[in-house]
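Listed here are the chains, written in short residue letters.
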Amino acid sequence: MRYYRTQGLLFLVPILVIVGIFYGMIVWDFVVALTGWQGLQATWKFVGLYHFSRLFGLQRFWVNLGNNLRWLLFFIAPTVFVGFLLAYLLNNLGRGEKILWQIFLFPMSLSFIITGVLWAWMYDPSSGLINSLLRFIGVNTSRLGWIALPQTAIYCMILAAFWQYLGFSLVIYLGAIKGIPYEMVEAAKMDGASHLTVAFRVIFPNVGHATLICTTMLAITTVKVFDLVWVMTRGGPGVSTEVLPYLMYRLTFDSRDIGMGAATSIVILGFSAVMVIPYSLWALKKWVRV
Amino acid sequence: MKERYFLFLSALLVVVLAVVWMIPIYALVTTSLKTQQEVALQKYLVPPQQFQFTNFAKAFQVLKIGLRNSLVITLTATFVAVFIGSLAGYALTSFNFKFATLLFFFIVVVTFLPYHIVLIPITHILKTLSLLNTYAGLILIYTILSAPMATLITGTFFMKVPPELEEAALLDGCKPFPFYLRVLLPVSLPGLISATILVFIQIYNEFLLGIALTRGPDVKPVMPFLAELKGTQIAQWHIQMAGALITSIIPVAVFIFLGRYFISGLMAGYGKG
């Protein structure tokens with residue numbers, strides 16, 4: 001066995017290189033964010049927090065950050081909550097369960113671009129699906145601009161993502177609920193517990209790991225909604241639907257301001273790391289049997 | 001009696017919600033088959049009078065280069081990433097390396113961190129290597145970004161293989177690589193399929209790198225083309241929907257035919273092996 005271990009090390013070389021490159025790139029981000037740049041040319045001069053102070057001076061940055069927080073709040077809570085309820089109901093029904101969860105899950109295999117093209121049409125104020133249906137039942141839609149209005153645009157976008165990701169939390173919860181000992185639920189029912197009690201007092205506390213998975217994964221997804229923003233509104237109207245990765249892209253590739261772009265990346269990194277690192281530590285215990 | 005009433009109500013609720021969830025897809029499919037005049041009537045829930053397949057021809061004309069590029073890039077990068085990932089998954093789960101846990105941790109973190117944060121270094125690396133706007137460059141980057149996830153998923157499945165299998169094989173003189181190739185991979189085929197599907201769909205659906213690392217249509221993947229189609233065919237909903245449908249055929253087919261692997265891959269990838 002020992003003799004083979006050198007071969008085992010060889011098998012690890014490619015992934016070691018890849019992981020090394022990834023962490024190297026993160027270090028690179030820091031270097032770029034802390035040094036001077038002339039266009040795409042590095043001057044290799046340490047400038048401290050200069051790029052950060054410029055970034056924090058931008059009003060647009062704070063709008064973007066606020067939007068990221070809106071995504072966290074209004075995307076995660078409903079997706080987790082409705083996903084759990086739906087999983088509970090489906091598990092109770094027993095019949096037709098499989099076809100039903102597939103209906104909810106399959107939008108997840110689509111890309112944000114496809115979802116974005118589809119929902120941008122649905123939200124179109126003059127000839128979109130939603131307003132045409134509303135007009136059909138006699139609603140005056142002249143003031144329903146959906147993604148064309150700065151006040152509502154981001155929430156409309158969140159709804160599209162909710163449509164796409166509900167199946168994800170549903171499936172995670174469904175798997176977790178099936179793992180709960182049947183006797184426990186049965187005992188609670190024998191004691192006359194209502195469905196509400198069973199769902200929230202008996203089952204919900206016992207599927208904490210599913211809640212953790214859903215919350216973290218959906219939180220990471222809110223960083224990845226760049227695509228949806230790009231294809232549905234290009235950040236508009238104004239900058240009302242922009243999120244930080246979008247700002248990062250614009251600063252880097254349109255304004256050619258690499259320093260500020262890298263500073264934005266660092267902010268996103270901080271934002272993601274507080275979710276990813278604790279989650280990874282937790283998940284590690286499941287993978288490595290200790 | 002009360003219980004049956006509850007079951008009936010919840011069934012009704014779930015079915016209604018499922019119908020609501022399908023309406024966008026139904027509207028997408030029917031609209032993609034309508035003529036421009038029909039679309040202009042805005043009766044989106046009425047089925048098309050006659051199937052207008054020319055919409056697809058039109059959309060396909062725009063998307064075909066992108067589809068070709070996406071297939072070349074996605075298939076190659078998926079293959080390489082799953083190969084590298086499964087080798088690493090094997091090494092990490094079978095050899096009891098002291099540092100395995102630490103390396104696993106680094107891999108998990110990299111898997112979940114959004115790759116958006118390293119967009120700038122990626123661009124620089126490809127520029128230095130003169131690989132911007134090439135298949136090789138995109139394949140390289142997608143491989144780097146996907147191999148950690150492939151390691152996690154395959155590793156999770158390899159852990160379920162009884163260690164006696166490997167001990168017996170090694171005692172019979174089977175070397176690690178032949179064991180990996182001839183025993184471990186076939187035994188863990190479901191895990192391999194799961195990893196392949198998830199990596200494949202992730203790369204195929206990717207958009208940001210597709211626009212940041214390419215110039216012009218030559219190697220650009222399909223998602224940027226679809227986004228452009230939306231920009232150029234303004235309010236031509238039937239063409240837009242035909243394009244969206246063409247682009248979604250591959251992931252939806254994967255989901256329909258290999259759905260259970262999709263689920264088990266998801267579960268494995270999130271630490272619920």
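Residues numbered from 1 in each chain as written. Chains lettered and ligands numbered in written order. Predicted model: local features only at pLDDT ≥ 70, side-chain atom pairs only at ≥ 80, totals over all residues.

A. Quick peek at the overall build of chain A. Check the secondary structure of chain A and you find 13 helices and two strands. Principal-axis analysis of the C-alpha atoms gives chain A an extent of 75 × 75 × 30 Å. For chain A, with 290 residues in total, the buried portion stands at 45%. Look at the contacts in chain A between residues 6 or more apart in sequence, and 69% of them connect residues 24 or more apart. (Helix = DSSP H or I, 4+ residues; strand = E, 2+ residues; numbered from the N terminus. Buried ≥ 20, exposed ≤ 12 C-beta atoms within 10 Å, placed from the backbone. Contact = placed C-beta atoms within 7 Å.)

B. Local environment of the pairing of strand β2 (residues 41-46) of chain A. All names here are of chain A. In terms of residue burial, β2 counts as a barely covered element, since only zero of its six residues are buried. Summarising the sheet, strand β1 (residues 35-38) and β2 pair through three bridges and their orientation is antiparallel. Looking at β2, one finds that Thr35 is bridged to Phe46. (Pairing = 2+ DSSP bridges.)

C. Seen up close, the environment of Leu266 of chain B. By the element assignment, Leu266 of chain B lies in helix α12 (residues 237-269). A C-alpha to C-alpha distance of 21 Å links Leu266 of chain B and His116 of chain B, two positions 150 residues apart in sequence.

D. Representation of helix α10 (residues 208-223) of chain A within the structure. For α10 of chain A, spanning 16 residues, the distance from its first C-alpha to its last is 23 Å, which sits close to the expected 22 Å at 1.5 Å a residue. Those residues of α10 of chain A not exposed but buried are Ala210, Ile213, Cys214, Thr216, Met217, Leu218, Thr221, Thr222 and Val223 of chain A. (Expected span 1.5 Å × (residues − 1).)

E. Region of interest: the domain arrangement of chain B. All names here are of chain B. Considered domain by domain, chain B is made up of domain 1 (2-40) and domain 2 (55-269). In this structure, domain 1 and domain 2 have C-alpha centres spaced 32 Å apart. At the junction of the two partners, domain 1 supplies eight residues and domain 2 supplies seven residues. Ranked by residues supplied to the side of domain 1 that touches domain 2, first place goes to helix α1 (residues 2-32) with four residues. Along the lines of polarity and charge, the residues of the side of domain 1 that touches domain 2 split into four nonpolar, three polar and one charged. (Domains from an automatic or database assignment. Nonpolar A, V, L, I, M, F, W, Y, C, P; charged D, E, K, R; others polar.)

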